[in-house]
Amino acid sequence: MCKIFLFAGTNEGRRLAKRLGAADIPTVVSVATEYGAVVLADAGIGESVRIRQGRMTPEEMEAEIRRAAPLVVVDATHPYALAASENIRRAAEAAGTPYIRLKRKTKDSPSQKVFMFSDIGEMISSLQRTGGNILLTTGVNSLKEFASAEGLKDRLFVRVLPGEESLKACEEAGIHGRQIIAMQGPFSQEMNRATIHSYDIKHLVTKQSGRSGGFEEKVFAAQETETALYILGAPEEEGIPYAKVLDQLGEMLSTDLRETVTVTVSLIGAGPGDEAFLTEEGRKAITEADVLFGAKRLVEPYEEGKTVYPYYKGEDIMPRLEQLFREAREKDPHVRAAVLLSGDSGFFSGSSGLIFYLTNWRRRMLLADTGRFAMHIRTIPGISSIQLMAARLQEHWESGYIDSLHGVEEEVWDRVLRRIPKEKRTMLLTSGPGDVKRLLKWVRGQGSHRGRYSFYAGYNLSGQNEQIYKEEGEHPGMGAEDLKALPFPDILPEGLYTVFIRNSEPEEDMGEYQDTLGLPNDEFIREEGIPITKEEVRTIAISKLRIKEPAIVYDIGSGSGSFAVELGRILKDSRIFAIEKSKRRIELIERNVRQLKAASVSVVCGEAPEVLDRLVPPTHAVIGGSDGRLLSILQKLYKKSPECRVVILAATLETKAEIASLLAGQLPTEYDLGDAEYIELNLSRSRQLGKYRALRAENPVAVCSFTFRRKPGA
């Protein structure tokens, strides 16, 4: 005695037979043709399943069911084999055996190329998005609608009755000559197949007309030739879905027949953009995938042959993946998904976040009662745009500093700008031209250090309009000789950029640092007529700056550079600009920077406030000499950095009076002074006079400190 009598005529029928065989359930499977029997045997159905081949009359069906005496009859014939289904149902009823109709939603199975429409307009819109010849078998009443739709008329081949009325309707619709197939039905499956081949038909349009209208013959011919089938007015089929059939049979047999649904997710590094840079393993994974996720530019090339979603974040991908899992119980039990990630999957990509989402989902699924479940996550590396940029420049990248500025917070920018002076090679992913301009401005604002840096930006690397822009320093590197690059234009095109900065004198190899304030004056090279900020004044003024690293400090009117040099030896993660207009003083500052190895000090020749325009905005500023332009300098500092901390050193009565007016609010400014403080230092230094020591007074120096603050309502 068998337990299941299965009528199989679909993929679902074969799948059910294989599942019953795997569970060792005695089953008879009835197929109409020899081909069906061969396909079923090749599927590996197991020893408990017996195949019966050949078509049967209703009476023969009843007799076979009585002879097998199954617990239940399952009808898994084609959804459009309406007559066969009706005969099976009646035979089971006559034999007194329960009957289950396996329902297949053909419209949800793209691999079957069957699409159902309740509205002719929707069908026409769908056909307009396709290519290839169309066989129209819906008669002449709707002919004008199809022929008048944009892009369809020249692709139409219409099968109509060979009467004068039909031919006239074709003429009025603009259908002529070979496009008209005037024949009298009924049409066999073989005739439909021959018509499809003769006219190279890619899409067959029909109504749900029932058996008398030759509907089944058109359906089977379309399936046999892999022609897309468009059905107008097809009703929803009766029955229960595949997964529920398994559940129902499991209850009847007191066994769990649910299938193991396997979900494979491949995280693929898609390279810098061009498909030529995709690895063979990545290409194979894309081919095998049923559905692709990724940024729109990455999945667009695969839209024709795949189901694609322009999502790359876990919160967007997971709901679709869960939906695919639910559908897998009705369709193929193996879900193959791939996520395309730009560059390399393990290099500033979203793979780590996706793995977090996927592994958590796997844990939830294994704990939940969702049926048998297995999940595999694999990561496939790719070629990063950093690698490609380094190759274009013939540079090594394994020892460089690599970071991403894509959508980052300001603190990441601070970190990157601190590292560039210390690294020989800096390689950066950016969000676009805005980041490139900011980096280029930083390089251009490095004063006497500008010559260290060669700056390159690769635009749309690997794309058809790839371009590398450059602004080179004194030592651009050997690979630059063969580089076809352009100077930076005033307006950079929108798109993706990868930046490479070559630093010929990284600072970590030449810098020295001190642990405490108070570098003795004697350590500095001195020249007659060039002032130096005394050790004690420097110490107090630096404390008033309240510096928290990383910082960018201007020393305006630097003199001999003592203030800038001491800051450069104290601060390890900051940039100091010594600004002077006198070339003689500039040379002295540079000598002091070299002698005392204050590597982070950049010397800038120019007059404030004008010279400040080409520098990066400061966090702190010391004004030691203003040459009567104090208010203009303060105004410029406020414009560049509205929260800048400022210390002013004043030795002349005129400057002290100007500071007093500023503190009293008597001057027209756009800003207020926050935490303002004014102190005056009167120092006396001892000196030897014979066998005694006497004090000599130094010039009194005023120290004014404050933080810019916006005026209320400004």
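Everything numeric in this text was worked out from a predicted model, so none of it was measured.

K.L.:
So what's going on with the overall build of the protein? Residues and values would help.
P.N.:
Scanning the protein from N- to C-terminus turns up 22 helices and 31 strands. At 41 Å, the protein has a C-alpha radius of gyration far larger than the 27 Å of a compact globule built from 714 residues. Judged by the C-alpha coordinates and their principal axes, the protein covers about 140 × 65 × 55 Å. Evaluated residue by residue, the protein yields a buried proportion of 49% over its 714 residues. Intrachain contacts of the protein at a sequence separation of at least 6 include 69% that bridge at least 24 residues. Summed over all atoms, the accessible surface of the protein reaches about 34700 Å², with 48% contributed by carbon and sulfur. Where the 95 positive side-chain charges of the protein centre and where its 101 negative ones centre are 3 Å apart.

K.L.:
Can you lay out the pattern of salt bridges for me, pointing to particular residues and giving the numbers?
P.N.:
As enumerated under the stated definition, the model contains 38 salt bridges in all. Residue R378 pairs with E288 through a salt bridge whose shortest N-O separation is 3.7 Å. One end of the pair, R378, is in strand 16 (residues 373-380); the other, E288, is in helix 11 (residues 280-288), with 90 residues separating them in the sequence. K470 is the partner of E472 in a salt bridge, and the nearest nitrogen-oxygen pair spans 4.0 Å. A cluster of three or more residues bridged by salt bridges with shared partners is formed by K581, E607, E610, D627 and R629.

K.L.:
Account for the pairing of strand 7 (residues 133-136), naming residues and giving values.
P.N.:
Burial of strand 7 is two-sided: the residues N133 and L135 facing one way and the residues I134 and L136 facing the other way are all buried. Bridge analysis of strand 7 against strand 10 (residues 201-207) gives four bridges, and the strand direction is parallel. Along strand 10, the bridge assignment pairs I134 with H203. Relative to strand 8 (residues 156-160), strand 7 is paired through three bridges, and the arrangement is parallel. Following the sheet pairing, L136 is matched in strand 8 by V158. Read from strand 7 through helix 6 (residues 143-148) to strand 8, the crossover connection turns out right-handed.

K.L.:
Which residues make up the sheet that holds strand 18 (residues 425-429), and what values do they have?
P.N.:
Where strands meet in a sheet, backbone hydrogen bonds hold them as pairs that are either parallel or antiparallel. Pairing is mixed across the open sheet formed by six strands, whose spatial order is 17-18-22-19-20-21. Looking at the sheet topology across the chains shown, the edges are occupied by strand 17 (401-404) and strand 21 (486-487). Note that strand 19 (residues 453-459) and strand 20 (residues 467-471) share five bridges and pair antiparallel. If you follow A457 over to strand 20, its bridge partner there is Y469. Against the sheet, helix 15 (residues 385-393) contacts strand 17, strand 18, strand 19, strand 20 and strand 22 (497-503), and its axis sits at roughly 50° relative to strand 22. On top of the sheet, helix 17 (residues 433-444) reaches strand 18, strand 19, strand 20 and strand 22; it is set at about 170° to strand 19, its chief contact.

K.L.:
Which residues make up the confidence of the model for the protein, and what are the values?
P.N.:
Here the protein averages 87 in pLDDT, and 95% of its residues register 70 or above. Ranking the elements of the protein by mean pLDDT puts helix 2 (residues 34-42) last, at 80, and strand 26 (residues 620-623) first, at 96. Note on residues 106-111: pLDDT is under 50 here. Beyond four places in sequence and across chains, it has eight contacts.

K.L.:
Which residues make up the environment of F356, and what values go with them?
P.N.:
Mapped onto the elements of the fold, F356 is located in helix 14 (residues 351-367). Under the relative-accessibility criterion, F356 is labelled exposed at 52%. A C-alpha to C-alpha distance of 8.6 Å links F356 and G314, two positions 42 residues apart in sequence.

K.L.:
Could you give an account of the pairing of strand 3 (residues 49-53), with specific residues and numbers?
P.N.:
Regular strands have side chains that alternate between both faces of the sheet. Direction of pairing for strand 2 (residues 27-31) relative to strand 3: parallel, over a ladder of five bridges. What sits directly across from V28, in strand 3, is R50. For the handedness criterion, the β-α-β arrangement of strand 2, helix 2 and strand 3 is classed as right-handed.

K.L.:
Lay out unusual backbone geometry with the relevant residues and their values.
P.N.:
Here the bond from E549 into P550 is cis, since omega is 0°, no more than 30 degrees from zero. At the junction of A608 and P609, the peptide bond is cis and its omega measures out at 10° in the coordinates. Relative to the elements of secondary structure, P609 occurs in the loop between strand 25 (601-605) and strand 26. A positive phi angle, near 55°, is found at D627, a position not held by glycine. The topology assignment puts D627 in the loop between strand 26 and helix 21 (630-640).

K.L.:
Explain helix 14 residue by residue, including any values.
P.N.:
Taking 1.5 Å per residue as the helical rise, helix 14 with its 17 residues ought to reach 24 Å, and the 24 Å between its terminal C-alpha atoms agrees with that figure. Here helix 14 has its buried residues at S351, L354, L358, T359, W361 and M365. Buried residues of helix 14 fall within an arc of 160° about the axis and therefore sit on the same side. Facing away from the buried side of helix 14 by more than 90 degrees, the exposed set consists of S352, F356, R363 and L367. The inward-facing, buried residues of helix 14 contact strand 12 (261-269), helix 13 (314-328), strand 15 (334-341) and strand 16.

Conventions and cut-offs
- Residues numbered from 1 in each chain as written.
- Predicted model: local features only at pLDDT ≥ 70, side-chain atom pairs only at ≥ 80, totals over all residues.
- Heavy atoms only, no water.
- Helix = DSSP H or I, 4+ residues; strand = E, 2+ residues; numbered from the N terminus.
- Rg over C-alpha atoms; globule rule 2.2 N^0.38 Å.
- Buried < 20%, exposed > 50% of the residue type's maximum accessible area, 1.4 Å probe, protein only.
- Contact = heavy atoms within 4.5 Å.
- Areas by Shrake-Rupley, 256 points an atom, 1.4 Å probe, with all protein chains shown as cover.
- Lys, Arg positive; Asp, Glu negative; His and termini not counted.
- Charge placed at Lys NZ, Arg CZ, Asp CG, Glu CD.
- Salt bridge = Lys/Arg side-chain N within 4 Å of Asp/Glu carboxyl O.
- Pairing = 2+ DSSP bridges.
- Right-handed = clockwise from strand over helix to strand, strands pointing away.
- Axes fitted to C-alpha atoms, helices over the stretch in contact; angles between N-to-C directions.
- pLDDT = per-residue confidence, 0-100.
- Expected span 1.5 Å × (residues − 1).
- Arc of directions from axis to C-beta.

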